[in-house]
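Chain residues, written in single-letter form:
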Amino acid sequence: MARSHDLGGVEGFGAIPGTDDDARFSSDWEARVFGLQRVLLACGLYSLDEFRDAVERLPPGHALTRSYYHRWMEAMISLLDERGVIDAGSLEAE
Amino acid sequence: MTRPPPPLQPGSRVRILAVDPLGHSRVPRYLRGQQGHVVELHGSWPVPGRVIAAADHTARRCYAVRFDAAGVFGLGDHVLIADIWETDLEPEGVGS
């Protein structure tokens, strides 16, 4: 079944904005999320396919309302919680 | 598991299966049921959705499939190419 992230070809979002900014991350926390992702993948906590699946399993509205790396972070938390590495319920709310 | 389908070659006409599996899929919804043709062979690889759903790492053939934008979206004179596993398509037409 198509999931809520599957928005290709959907009308109404307008043109994708370009940017002249060469910076890869718009804030430091995004860079830390990216780095943490590389570490978790290298340690074998989950695979890249499992990570994509976790992003897709976020609550439907998140694809529309959360930024790219915010969804990465949410997916990472859910995967680590599912594997018993962390307790997501004990994390301080953003 | 049934026997894997025979390999396809560039030029083979295909139709993307309409049935959408639960869980992770590499087929975007706008390609479901669409007709295209194979343009490139990508070798055989585990199907991500099956690895996640069933720990099935069986390597299956993956193809670059070309579609006409007009057929997919109703307008446009360009083409789009998507990488599709053999598990998500079937040969189309006589002799395909």
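This is a predicted model, so every value here is computed, not measured.

Draft legend 1. Main features of the overall build of chain B. Counting its secondary structure elements, chain B contains 2 helices and 5 strands. In sequence order, chain B lays out its α and β elements as β-β-α-β-α-β-β. Computed over its C-alpha atoms, the radius of gyration of chain B comes to 13 Å, within 12% of the 12 Å expected for a compact globule of 96 residues. Reported as C-alpha extents along the three principal axes, the dimensions of chain B are approximately 40 × 30 × 20 Å.

Draft legend 2. Spatial organisation of helix H4 (residues 68-82) of chain A. Residues and elements named next belong to chain A. The terminal C-alpha atoms of H4, which comprises 15 residues, lie 21 Å apart, in line with the 21 Å expected from a rise of 1.5 Å per residue. Among the residues making up H4, those that are buried are Tyr 69, His 70, Arg 71, Trp 72, Glu 74, Ala 75, Met 76, Leu 79 and Leu 80. Buried residues along H4 sit against helix H1 (28-42), helix H2 (48-56) and helix H3 (62-65).

Draft legend 3. Geometry of the packing of H2(A) against H4(A). Residues and elements named next belong to chain A. Taken N-terminus to C-terminus, the directions of H2 and H4 make an angle of 110°; their axes are 8 Å apart at the nearest point. Considering their axes alone, H2 and H4 lie roughly perpendicular with respect to each other. Contact with H2, carried on its side by Glu 50, Phe 51, Ala 54 and Val 55, involves Arg 71, Trp 72, Ala 75, Met 76, Ser 78 and Leu 79 of H4 and no other residues of that element.

Draft legend 4. Region of interest: the sheet that holds strand E3 (residues 59-68) of chain B. Residues and elements named next belong to chain B. Reading across the sheet, the 5 strands line up as E4-E3-E2-E1-E5 and stay open at both edges, with antiparallel pairing between neighbours. Across the chains shown, the open sheet's two edge strands, defined by having one partner strand only, are strand E4 (79-85) and strand E5 (89-91). Going across the sheet, the axis of each strand differs from the next one's by a mean of 40°, ignoring polarity. Here 3 bridges tie strand E1 (residues 13-16) to strand E2 (residues 35-46), and the two strands are oriented antiparallel to one another.

Draft legend 5. Representation of the side chain of Gln37(A) within the structure. Residue and element names in this part refer to chain A. Mapping Gln 37 onto the fold places it in helix H1. Looking at Gln 37, the relative accessible area reads 2%, which means it is buried. There is a polar contact of 2.6 Å between the side chain of Gln 37 and the side chain of Tyr 46.

Draft legend 6. Structural context of the pairing of E3(B). All names here are of chain B. One ladder, built from 7 bridges, connects E2 with E3; its direction is antiparallel. Each residue of the ladder has a partner; that of Val 38, found in E3, is Val 65. Bridge analysis of E3 against E4 gives 7 bridges, and the strand direction is antiparallel. Counted as the bridge partner of Cys 62 is Trp 85 from E4.

Draft legend 7. Looking closely at the interface of chain B and chain A. Taken together, the contact between chain B and chain A spans 13 residues of the former and 11 residues of the latter. Between chain B and chain A, a total of about 1000 Å² is buried, with carbon and sulfur atoms accounting for 50% of that surface. Ranking the residues of chain B by area buried against chain A places His24(B), Arg29(B) and Ile52(B) at the top, with a combined share of 46%. The interface formed by chain B and chain A includes 0 salt bridges. Grouping the constituent residues of the side of chain B that touches chain A by class yields 8 nonpolar, 2 polar and 3 charged.

What counts, and at which threshold
- Residues numbered from 1 in each chain as written.
- Chains lettered and ligands numbered in written order.
- Predicted model: local features only at pLDDT ≥ 70, side-chain atom pairs only at ≥ 80, totals over all residues.
- Heavy atoms only, no water.
- Helix = DSSP H or I, 4+ residues; strand = E, 2+ residues; numbered from the N terminus.
- Rg over C-alpha atoms; globule rule 2.2 N^0.38 Å.
- Expected span 1.5 Å × (residues − 1).
- Buried < 20%, exposed > 50% of the residue type's maximum accessible area, 1.4 Å probe, protein only.
- Contact = heavy atoms within 4.5 Å.
- Axes fitted to C-alpha atoms, helices over the stretch in contact; angles between N-to-C directions.
- Parallel < 35°, antiparallel > 145°, perpendicular 65-115°, else oblique.
- Pairing = 2+ DSSP bridges.
- Polar contact = N/O pair within 3.5 Å; in protein donor to acceptor, adjacent residues only side chain to side chain.
- Buried area = accessible area lost by both parts, 1.4 Å probe.
- Salt bridge = Lys/Arg side-chain N within 4 Å of Asp/Glu carboxyl O.
- Nonpolar A, V, L, I, M, F, W, Y, C, P; charged D, E, K, R; others polar.

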